Every structure is written in C-alpha cells, then in structure tokens.
Amino acid sequence: MSNNRRDFIKTSIVAGTGLALGLSSFQSWGGVFGKKVRLAVIGTGGRGRFLMEHLLNQMSNNDTYELVAICDNYQPSMDAAKKICNKYKITPKTFDDYKKLMADAPVDGVIIATPLYQHAHITIDCLNAGIHVLCEKSMARTLSDAKAMYDASIKSGSILIIGHQRMFNKKYLNGIERIHAGEFGPVGQVKAYWHRNKDWRRPIPEGKPELERQLNWRLYKEYSAGLLTELMSHQIQVSNWAFQNTPVSVQASGGIQFWKDGREVPDNLAAIFTYADGSRCIADYMNMNRNYGVEEHIIADYATLRMETNKLQWDKPNQTVNGPMKTPVSKMVDDIKKGEKKPAAIGGASWRPETAKKTKEESIYEGQKGDGTVEELLTFVEFIKTKSAPDWMLREGYNASLWTLLTEKAIDTGKTVTCPKKYMI
Ligand SMILES: NC(=O)c1ccc[n+]([C@@H]2O[C@H](COP(=O)([O-])OP(=O)(O)OC[C@H]3O[C@@H](n4cnc5c(N)ncnc54)[C@H](O)[C@@H]3O)[C@@H](O)[C@H]2O)c1
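Rules of the game
- Residues numbered from 1 in each chain as written.
- Predicted model: local features only at pLDDT ≥ 70, side-chain atom pairs only at ≥ 80, totals over all residues.
- Heavy atoms only, no water.
- Phe/Tyr/Trp six-rings, centres within 6.5 Å; stacked < 30°, edge-to-face > 60°.
- Helix = DSSP H or I, 4+ residues; strand = E, 2+ residues; numbered from the N terminus.
- Buried < 20%, exposed > 50% of the residue type's maximum accessible area, 1.4 Å probe, protein only.
- Lys NZ or Arg CZ within 6 Å of the ring centre and 35° of its normal.
- Contact = heavy atoms within 4.5 Å.
- Polar contact = N/O pair within 3.5 Å; in protein donor to acceptor, adjacent residues only side chain to side chain.
- Pairing = 2+ DSSP bridges.
- Axes fitted to C-alpha atoms, helices over the stretch in contact; angles between N-to-C directions.
- Parallel < 35°, antiparallel > 145°, perpendicular 65-115°, else oblique.
- Left-handed = near helix turned anticlockwise from the far one by under 90°.
- Nonpolar A, V, L, I, M, F, W, Y, C, P; charged D, E, K, R; others polar.

A. Structural view of the packing of aromatic side chains. Counted according to the given criterion, the structure contains 6 aromatic pairs. Residues Y117 and Y223 carry aromatic rings whose centres are separated by 4.7 Å and whose planes lie at 50 degrees to one another, so their mutual orientation is tilted. Of this pair, Y117 sits in the loop between β4 (109-112) and α5 (119-128) while Y223 sits in the loop between α8 (212-215) and α9 (227-243), and the two are 106 residues apart along the sequence. Taking 5.5 Å as the distance between ring centres and 55 degrees as the angle between the ring planes, the aromatic pair formed by F184 and W314 counts as tilted. Taken together, the residues F184 in the loop between α7 (170-180) and β7 (187-195) and W314 in strand β13 (residues 311-314) connect sequence positions 130 residues apart. On the basis of relative accessible area, W314 is assigned to the buried category, the value being 8%. Geometry around Y220 places R213 over its ring, the cationic atom sitting 4.6 Å from the centre.

Below, the structure is given as structure tokens:
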C-alpha cells in the first residue's frame, strides 16, 4: 500500500467526528487478507454502473479485489452492465435475484445500488450472512428500516457503510478537518442548496407504460422521498459533519409547484435544521431553475467555505481585497472630499450597503480530483481486508438518512419535528 493511501485513510478518519477510531487496524494493510476481496454489485442501473466503472478502472493498477458477480432484475440494466464487463474483459457471474447471488457466488462484500426502497432488506440479508455492505445513499425509505440496517450491522459485526462520497473527498476532508481544528472560528450556519431545471423523469420504453413507477421510482412516495432522499441527504451529512453534531429539530415546507405530471414528491422545498447551540442549516431544493446550482456554504466566524466549488473566502477583519476595511464614517469623509457625496447630517451608524463583501479567496484543497467515489470504493475494500471500519462512518450515513426522513415528516405535518428517542443512536 502506498503512503498516500495510508495517509488518506488516516486523514479521512481523523477528519471525521474526532472519536476514538482504532487506527491500529489500519497498520496491518497489505498482509492480513492474503487473497483478493470478492465483490458483487447489486443493482446495475445508472449508479451501479458508475461504481462498476470506477472499480474496474482502478483494478488495472490494483489486484487486491475482483468483481465476481453482478445482479439486476431488469434486463436492460443487466445488458448495459455486461457491456462494461466486456470492456474490462471480465466475466462475473450474473443473477436476477440477490438471494441466488448469495447462494451461488461466495462474496466478501456487496455494493448495493438498487432504488431506495430496496436497500434495507437486501442489506440486512447480506449483513446477517456475514457479507460486508457498501449501500448507496440514502440509507433507507423509512426510519424503522434505517434503524434495522444499523442494528443488523452492529449485531452481525459485518461492516456497513453508506455511500456518501463526500466523506472520502479530499477537499471536504481538508475543509472539515480545518473547521474542527478551529481555524475559522465557530460555525454559525450551513447554507445548502441543490437546484436543477429538469423534470427528473426517465423516458419509458415505447408501449411499456407499466414500467413508469419502476423506472421513475424517485418520483413516487412509496419508493423515495425525492429531492430529500436523493439530494438533501448528501448535504445534511455535510452539515452534521461540520457541526460535529446532529440537529435537535427541523422545520420544513415543500410541494409540487411546477411539474404537475402525476409525481408525488415535492419539486420545490426548503428546510431549517436547528442544532443544540442555536446554529442552523438552511437548505433548499428545486427542479425548476438551476441558476444557483449546488453548494454547501459553511459559514464560520472568520471564513466561508464553499465545499462543492472548493472555495475558501476569508472574512477576517483587514483581509478585504482592497486592504483594511474603513469605518462607515471615515468612508463618508473620504467620499465628501472626493466630491462623491454632499455633507449631510447622519443619525444612523452606517449607510454602507449590506451587499456581499469581496474578500480574499483561495481553494480549500489544491489538486482536487474526482468526487471521492474511487476513494470510497477502495476504502470499502480495505475495510473488508481489515474487517474493521470506524463507527462514525455508519453513524454519519444513518443520521443523514434520519434527518432527511424527519424533514419529510415536517413537510407532511407542517410541524416542527424532533427525533423520537427510539431512533437516536
Ligand atoms: N452517491 C450518489 O451520488 C448517488 C448518485 C446517484 C444515485 N445514487 C443512489 O444509487 C441508488 C440507485 O440509483 P440509480 O440512479 O442507479 O437508480 P436506477 O433506477 O438507475 O438503478 C437501480 C437498479 O436497481 C435494479 N433493481 C431494482 N430492484 C432490484 C433488486 N431487488 N435486485 C437487483 N436489482 C434491482 C433496477 O432494475 C435498476 O437497474 C439509489 O439509492 C440512489 O439514491 C447515489
């Protein structure tokens, strides 16, 4: 194992929630397992194939794991996955049912990329059979399913991590580590949004209207909470990570404003999460305008970190682009001298417009590549080898899912929602 990989894992772990994390297990990489880690992908749709490509692409330089099986119950997804296997000249076993895969293809770990409502039972069956699981986000469709997955991992001792790739992304790791070290002062607010201007629909094959709910599962409440589970889950994970805490309550509002096409999940929503110290995460999502795109602003006393775009903007006094800030009164005197303003009696403290300030800006992390997906996959392989994963990683995934689903409840009831005790971990 290269030093970079070892450092990455250490960094990712140290940059987590600062808990005691058993680093010693990572010292034994490279020797203990002694054979290739056998992996399978269950659900070879859009995301499953993306993960397969990343896995196989890395494999040419890395012979510590192999893809021995793939599973999907929709033929077009399986056909597309086989094409990828052909490209990489591998012939994994193929299955249309994960239970057959479990019976006929011995594996050490599975990567589950099925639709959300199919995560829990597949994950729990695998964990109970001693198979380690990397399950895509969001963790589960219901609170009780998410808790059952968490409990199954603890009880079985099998590793479960949830695919929040930002936890493995160096710009996030670096930024969060510096936030936790206090470099930017206390965090007061996280402002997150993810705006798209598409209907988010997948085309249905000609003459097969019965496939609508199967292919467009994201738009129906039985299978998904839409923007909440698909997008917000990533960002509440980042917010919790930055605050090193979980919220105490959420207020939210949302509805179908634009795409009145039979979908059941909101296309426009906003949520406010309150943390114990009074700090907040404000998050909003829409499918009708992408002017603002996607971002998580972590707003601390001395700086704002824009995590998606890798920007760190200082807000220390005397760090404005044009030199030290002037007081409002001295600026007024200057303006009068220059003839730009006439002398006037002032009663208030300032006429300075409350617009955004231009301040020194830099990258959070130089040399950022990718979005953390490769590191996530390789870390999962290493966790399997060492039969150990840091506890905080599953808790991050669980809590992101929990607060995503509680936000859905806040929208549905119009009430401020707190977490029932039985779902606290
Ligand atoms: N981490 C990320 O950034 C990210 C991005 C996209 C999607 N995802 C997640 O990945 C998951 C899949 O999303 P997608 O866009 O690939 O969906 P998709 O609909 O494209 O693919 C899902 C696949 O699972 C298959 N499937 C359904 N039930 C199955 C079962 N019981 N056994 C085997 N296969 C089954 C479907 O046939 C389909 O091919 C979701 O949980 C989604 O939230 C994560």
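The discussion continues.
B. Examining the environment of D96 more closely. Looking at the secondary structure, you find D96 in the loop between β3 (93-95) and α4 (98-104). The class of D96 is partly exposed, set by a relative accessible area of 47%. Counting along the chain gives 22 residues from D96 to Y74, while the straight-line C-alpha distance between them is 7.6 Å. Excluding residues within four positions of it along the chain, D96 makes contact with C71, D72 and N73. A polar atom in the side chain of D96 sits 2.9 Å from the side chain of K100.

C. Up close: the sheet that holds strand β14 (residues 361-363). Spatially, 8 strands are ordered β8-β9-β10-β7-β11-β12-β13-β14 in an open sheet, and the strand pairing comes out mixed. Across the chains shown, the open sheet's two edge strands, defined by having one partner strand only, are β8 (249-255) and β14. In this sheet, adjacent strand axes meet at a mean angle of 15 degrees when their direction is disregarded. Relative to strand β10 (residues 280-286), β7 runs parallel, the two sharing 7 bridges. Following the sheet pairing, V190 is matched in β10 by C281.

D. Representation of the sheet that holds strand β6 (residues 160-163). As summarised here, the arrangement of the 6 strands in space is β3-β2-β1-β4-β5-β6, forming an open sheet in which the pairing is parallel. At either margin of the open sheet sits one strand with a lone partner, and together these are β3 and β6. Along the sheet, successive strands turn relative to each other by an average axial angle of 20 degrees, direction set aside.

E. Examining the side chain of N169 more closely. Summarising the element assignment, N169 is placed in the loop between β6 and α7. Take N169: its relative accessible area is 3%, and that puts it in the buried class. Beyond its immediate stretch of four places on either side in the chain, N169 contacts Q368, G370, D371 and G372.

F. Geometry of the side chain of E408. Take E408: it is sitting in helix α12 (residues 391-413). In this structure E408 comes out as buried when scored by relative accessible area, which is 11%. Among the polar contacts made by the side chain of E408, one reaches the side chain of R141 at a distance of 2.8 Å. In contact with E408, not counting residues within four places along its chain, are R141, K221, A225 and L228.

G. Representation of the packing of α9 against α12 within the structure. Contact geometry of α9 with α12 gives a least axis separation of 8 Å together with a crossing angle of 125 degrees. What the angle tells us is that α9 and α12 run oblique. Here α9 runs over α12; the crossing is right-handed. Taking contact as the criterion, the partners of L228, T229, M232, S233, I236, Q237, N240 and W241 in α9 are, on α12, W392, E396, N399, A400, W403, T404, L405, T407, E408 and I411. Class assignment of the residues belonging to the contact of α9 with α12 gives a composition of 9 nonpolar, 7 polar and 2 charged.

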